[in-house]
Amino acid sequence: MSRGRPLRRYPVESAYKLDLAKLRRWGWLRPGSLTTGTMRWAYPWGDSEEARVTVNLGPGQSLLVQFEGQAAQVIHLESSPQRFGGVRWWLVCPSSGRRCRVLYRPNGGRSFASRQAWGLVYRTQQMSPADRATHRMHTLAEPLGGYCDMPLKPKWMRWRTFERKAEKLAEAERAADGYFLERCARMPGMAEALKEIL
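The model shown is predicted, which means the values in this text are computed figures rather than measured ones.

Across its full length, the protein holds 5 helices and 8 strands. In the protein, which comprises 198 residues, the proportion classed as buried is 36%. Restricting the contact set of the protein to residue pairs at least 6 apart, pairs at least 24 apart contribute 42%. If you sum the accessible surface of the protein, you get close to 13200 Å²; carbon and sulfur atoms cover 52% of it.

On to the state of the cysteines. Inspection of every chain in the model, using the stated rule, returns 0 disulfides. With no disulfide of its own, Cys93 has Cys100 as its nearest cysteine by sulfur position, at a separation of 5.5 Å. When its relative accessible area of 2% is taken as the criterion, Cys93 is described as buried. For Cys100, a relative accessible area of 8% gives the class buried.

All right, on to the confidence of the model for the protein then. Looking at the protein as a whole, the pLDDT averages 82, with 88% of positions reaching at least 70. When pLDDT is averaged over each helix and strand of the protein, the minimum, 63, is found for helix H5 (residues 190-197) and the maximum, 94, for strand S7 (residues 99-100).

Cut-offs used in this document
Once a new chain begins, its residue numbering starts again from 1 and follows that chain's sequence as written. Where local features are concerned, this predicted model is filtered to residues with pLDDT of at least 70; where side-chain atom pairs are given and counted, the filter is 80 or more; whole-chain, interface and lining totals use all residues. Side-chain figures throughout are based on the complete set of non-hydrogen atoms in the structure, without hydrogens or water. Every helix listed is a DSSP run of H or I at least four residues long, and every strand listed is a run of E at least two residues long, numbered separately from the N terminus. Three labels apply to residues, based on accessible area from a 1.4 Å probe with only protein chains included: buried if under 20% of the type maximum, exposed if over 50%, partly exposed otherwise in between. The contact criterion used is simple: two residues touch if any of their non-hydrogen atoms lie within 4.5 Å. Only the protein chains shown count as cover for residues, and all accessible areas are computed by the Shrake-Rupley method using a 1.4 Å probe. Throughout, disulfides are identified as pairs of cysteine sulfur atoms within 2.5 Å of each other. Values of pLDDT, which run from 0 to 100, indicate the predictor's confidence residue by residue.

So, in structure tokens, the structure goes:
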């Protein structure tokens, strides 16, 4: 468990996400259309829920979300013109009125709202600098074959991209190692043992 700052606020990674990018990929954001379907959300610990979702891009543009046994929530949609034609759709946060691409519903919440309205934070914001460095190292190592002494180039990756990612990984490893050595040096008797090893 992390010994960084205590978890004071709910992490965004554990909340249900209503994402317009996903709806666009599913073909639910066609101008003038009325689309109804079922969406399923799952918490990391296994609980899941389904909701009936209706996207109305005709007059009175809105999105309706209804979980079983709960009142339906109406979320207004707005559009803005794209530079090279077409429109970009936005969810309007029911609490703050701000335009968002994603709205969240944390565990125990009864409605979707923006990350700022719920006061949600990213998990890395609550980590200590040492834990954040280790997390960054593992995140960078994953596409390069996981954590190992010599990163492996995926066959689809260009050499220039691989070299750039490998250099970033090496920097992250040095930062994480520095924090580890700093922690070890503060432990009684470890400073002498580290001097013998290094």
